[in-house]
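Chain and residue survey
So the chains spell out like this:
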Amino acid sequence: MEWLTKFPHMDDDRLRQLKKIIDEGFRSFTRAYGDAIESFFDPLQFFLIHAERFMTRTPWPIILILIAVIAWFASRNWKIVAGAIGTLLLIGYLDMWDDTMKTISMIFVCTVLSIAIGIPMGIIMSRSDRFQNIVNPVLDVMQTMPSFVYLIPVVMLLGIGKVPGLIAVVIYAIPPMIRLTNLGIRLVDKDVLEAADAFGSSNWQKLKNVQMPLALPTIMAGINQTIMMALAMVVIASMIGVQGLGQPVLKAIANQYFTLGIFNGLAIVGIAIIFDRVSQAYGRRLQRHREIIHG
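Residues numbered from 1 in each chain as written. Predicted model: local features only at pLDDT ≥ 70, side-chain atom pairs only at ≥ 80, totals over all residues. Heavy atoms only, no water.

As named in an unreviewed UniProt entry, the protein chain is ABC transporter permease subunit, taken from Rhizobium meliloti. Quoted verbatim from the Subcellular location (unreviewed entry) field of UniProt, the annotation for the protein chain is "Cell membrane". According to the UniProt record, the Sequence similarities (unreviewed entry) comment for the protein chain reads "Belongs to the binding-protein-dependent transport system permease family." (UniProt positions renumbered as here; feature names shortened; annotations may be inferred.)

1. Some details on the overall build of the protein chain
Broken down by element type, the protein chain carries 14 helices and 0 strands. Overall, the protein chain shows an N-to-C arrangement of helices and strands of α-α-α-α-α-α-α-α-α-α-α-α-α-α. Expressed as lengths along the three principal axes of its C-alpha atoms, the size of the protein chain is roughly 70 × 55 × 45 Å. Within the protein chain, residue pairs in contact and separated by at least 24 positions form 76% of the contacts whose partners lie at least 6 positions apart. Once the 26 positive and 21 negative side-chain charges of the protein chain are each reduced to a mean point, those two points are 5 Å apart. (Helix = DSSP H or I, 4+ residues; strand = E, 2+ residues; numbered from the N terminus. Contact = heavy atoms within 4.5 Å. Lys, Arg positive; Asp, Glu negative; His and termini not counted. Charge placed at Lys NZ, Arg CZ, Asp CG, Glu CD.)

2. Some points on the pattern of salt bridges
Under the defined criterion, the tally for this structure stands at 6 salt bridges. Put simply, Asp 140 and Arg 179 hold a salt bridge, and the shortest N to O gap is 2.4 Å. Taken as a pair, Asp 140 in helix α7 (residues 129-144) and Arg 179 in helix α10 (residues 175-186) lie far apart in primary sequence, 39 residues in all. Note that Lys 206 and Asp 197 form a salt bridge whose closest N and O atoms lie 3.0 Å from each other. Given a relative accessible area of 13%, Lys 206 falls into the buried group. The exposure class of Asp 197 is partly exposed, given its relative accessible area of 41%. (Salt bridge = Lys/Arg side-chain N within 4 Å of Asp/Glu carboxyl O. Buried < 20%, exposed > 50% of the residue type's maximum accessible area, 1.4 Å probe, protein only.)

3. Overview of the nonpolar core
Core analysis: the biggest nonpolar cluster contains 72 residues, and Leu 166, Met 212, Ile 219, Leu 231 and Met 233 have the highest contact counts within it. Top element by residues in this core is helix α12 (residues 203-237). It accounts for 14 residues. Contacts of Met 233, omitting those with residues within four sequence positions, involve Ser 147, Tyr 150, Leu 151, Ala 168, Val 169 and Tyr 172. (Core = buried A, V, L, I, M, F, W, Y, C linked by side-chain atoms within 4.5 Å.)

4. Here we look at the UniProt feature "transmembrane region" (unreviewed entry) in the protein chain
Annotation from UniProt places "transmembrane region" (unreviewed entry) at residues 58-74, 80-97, 104-128, 148-174, 214-237 and 257-275. Structurally, residues 58-74 is divided into 88% helix and 0% strand, and its ends, taken at the C-alpha atoms, are 22 Å apart. As annotated, residues 257-275 comprises 95% helix and 0% strand, and the C-alpha atoms at either end are separated by 28 Å.

5. A look at the environment of Leu 250
Tracing the backbone through its elements, the reader meets Leu 250 in helix α13 (residues 246-255). For the pair Leu 250 and Val 234, spaced 16 residues apart in sequence, the C-alpha separation works out to 10 Å. Contact partners of Leu 250, with chain neighbours within four places excluded, come to Ser 238 and Met 239.

6. Remarks on the side chain of Asn 264
The topology assignment puts Asn 264 in helix α14 (residues 258-294). Excluding residues within four positions of it along the chain, Asn 264 makes contact with Met 96, Asp 99, Leu 245, Pro 248 and Val 249.

7. So, the packing of aromatic side chains
Evaluation of the coordinates by the stated rule reveals 5 aromatic pairs. Geometrically, the ring pair formed by Phe 29 and Tyr 33 is tilted, given 5.2 Å between the ring centres and 40° between the ring planes. Of the two residues, Phe 29 and Tyr 33 are both situated in helix α2 (residues 12-40); the distance of 4 residues between them amounts to about one turn of the helix. Residue classification places Phe 29 among the partly exposed residues on the basis of a relative accessible area of 36%. (Phe/Tyr/Trp six-rings, centres within 6.5 Å; stacked < 30°, edge-to-face > 60°.)

8. Some points on the environment of Met 125
Tracing the sequence through the fold places Met 125 in helix α6 (residues 97-127). For Met 125, a relative accessible area of 0% translates into the label buried. Along the sequence, Met 125 and Ala 254 sit 129 residues apart, while their C-alpha atoms lie 43 Å from each other. Filtering out sequence-adjacent residues up to four positions away, Met 125 remains in contact with Phe 131, Gln 132, Val 135, Asn 136, Leu 139, Ile 178, Asn 182 and Arg 186.

9. Focus: unusual backbone geometry
Not every positive phi belongs to a glycine, and Arg 76 is a case in point at roughly 55°. Position of Arg 76 relative to the elements: it lies in the loop between α4 (60-75) and α5 (78-93). Positive phi, normally seen in glycine, also occurs at Asp 95, with a value near 65°. Among the residues examined, Asp 95 registers a relative accessible area of 71% and is labelled exposed.

Here's what the structure looks like:
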């Protein structure tokens, strides 16, 4: 009756041998192609380093003015602008300015990379049901896999540093960008597409002039979710050398520094709220613009 109480499983020796084969195969792949893969990501490292230098070396009043201008352009709401500036002033007053700028530069690069990869993939998915059926399970795995697991293959391939952390963050944060781009394009009214066909629009013209503008609010929601997920990954990515607000939180966990952890955690929350309010306000503006034009 032991088979009723103990679930049948692969023989221990065979299971151990299977794990050993997989581990040795990945190590061999790392030794053979690790340097080439690392060289492939050199432009990404260049972009990240210069974004961080700009944020940390630019005088803080200029950074505040730039953020205020971006917030006003996106939201046209002085309350959101005042909230963003007030939050950043408080963060700086509590001596977390440099770490905050490093985190913002990381999120900026992650967002740009996610947009550059996610929007084309979402467009392809919206045009091909077969491709969508292939990609959806991959996205499911990317969204449900424990975030710590992403660090293992990335560190084995690229070692410790900013670029491995950036790649792990992008893998974790990009699925909403792909899914919502696909969804936004698929939800475009078919009557509008038929009208575009009637005027002789090509597929490229329909995509550029009809589908993308109408899907933009949904795509903006994808960008918003990507930013939120990237911020959620910041602390975990700090384990492999990503600098910013995550490292003090990790230090606080290791050494039981309550105040250090709370302050830096609240700074991450503050940045998340700024990004969330600004991107949502911009999405609402796009939605109202669409309703005025097409409603």
